[in-house]
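For reference, the chains in residue letters:
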Amino acid sequence: MTTPLIPHRRLSRRLLLPLLFLAPLAMASEAYDLTFQGDASFGGPHGGQAVQAALVDAASGEVLETMSGTVSADADPAFSFVFPGALSTSGSYEVHYWIDSNFGGGSEGRCDPKGTDHQWRVALDASGEAVTHVESHAPGAQSDVCATFE
């Protein structure tokens, strides 16, 4: 005697149907890594100085994650931060970062005005895959970002 397959088909449909609705949501929420680096040009002027970076939602201004490290005087990259799973294709992002250079004064460990500490804002494109963004030292392209780190 054979067992009818109809109950199994119904069960399969019941299990499959919710999966069909969840699949687009899973694909839409994929996350990608961001690697943000400063090339060797940072080493001469900033070697040994602290650097902080923040991943920012460009639309809302919300700080998503911050990281800190030290600028290497002789490595390339001079600094590197990895933000795992931080980007999605539906987002718009910026990285704000500053180096605690204290040129002509300033406070150790505190983001001082851009003439004293160097600070930048970089727009990123979320391309649907992992992003590695490399910056060169550009003192003339600074932006005020201290509010990001308060």
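This structure is a prediction, so every number in the text was calculated from the model and none was measured.

Colleague: Looking at this structure, I do not really get the state of the cysteines. What am I missing?
Modeller: Cysteine pairs can be covalently joined through their sulfur atoms, and such a bond is termed a disulfide. Under the defined criterion, the tally for this structure stands at 1 disulfide. The residue that forms a disulfide with cysteine 111 is cysteine 146, at a sulfur-sulfur distance of 2.0 Å. One quick way to see it: the torsion about the S-S bond of cysteine 111 and cysteine 146 is about -75°, and its sign makes the bridge left-handed. Residue cysteine 111 is located in the loop between β5 (93-99) and β6 (118-124), and its partner cysteine 146 is located in the segment after β7 (131-135); the two are separated by 35 residues in the primary sequence. Accessibility expressed as a relative area gives 12% for cysteine 111, which makes it buried.

Colleague: Honestly, unusual backbone geometry in this entry has me stumped. Any pointers?
Modeller: Peptide bonds are trans in most cases, and residues, glycine excluded, mostly fall at negative phi. Aspartate 76 connects to proline 77 through a cis peptide bond whose omega is 10°. As for its placement among the helices and strands, proline 77 is situated in the loop between β3 (63-70) and β4 (79-87). Positioned with a positive phi, asparagine 102 is a non-glycine residue whose angle comes to about 50°. Here asparagine 102 is to be found in the loop between β5 and β6.

Cut-offs used in this document
- Residues numbered from 1 in each chain as written.
- Predicted model: local features only at pLDDT ≥ 70, side-chain atom pairs only at ≥ 80, totals over all residues.
- Heavy atoms only, no water.
- Disulfide = S-S within 2.5 Å.
- Helix = DSSP H or I, 4+ residues; strand = E, 2+ residues; numbered from the N terminus.
- Buried < 20%, exposed > 50% of the residue type's maximum accessible area, 1.4 Å probe, protein only.

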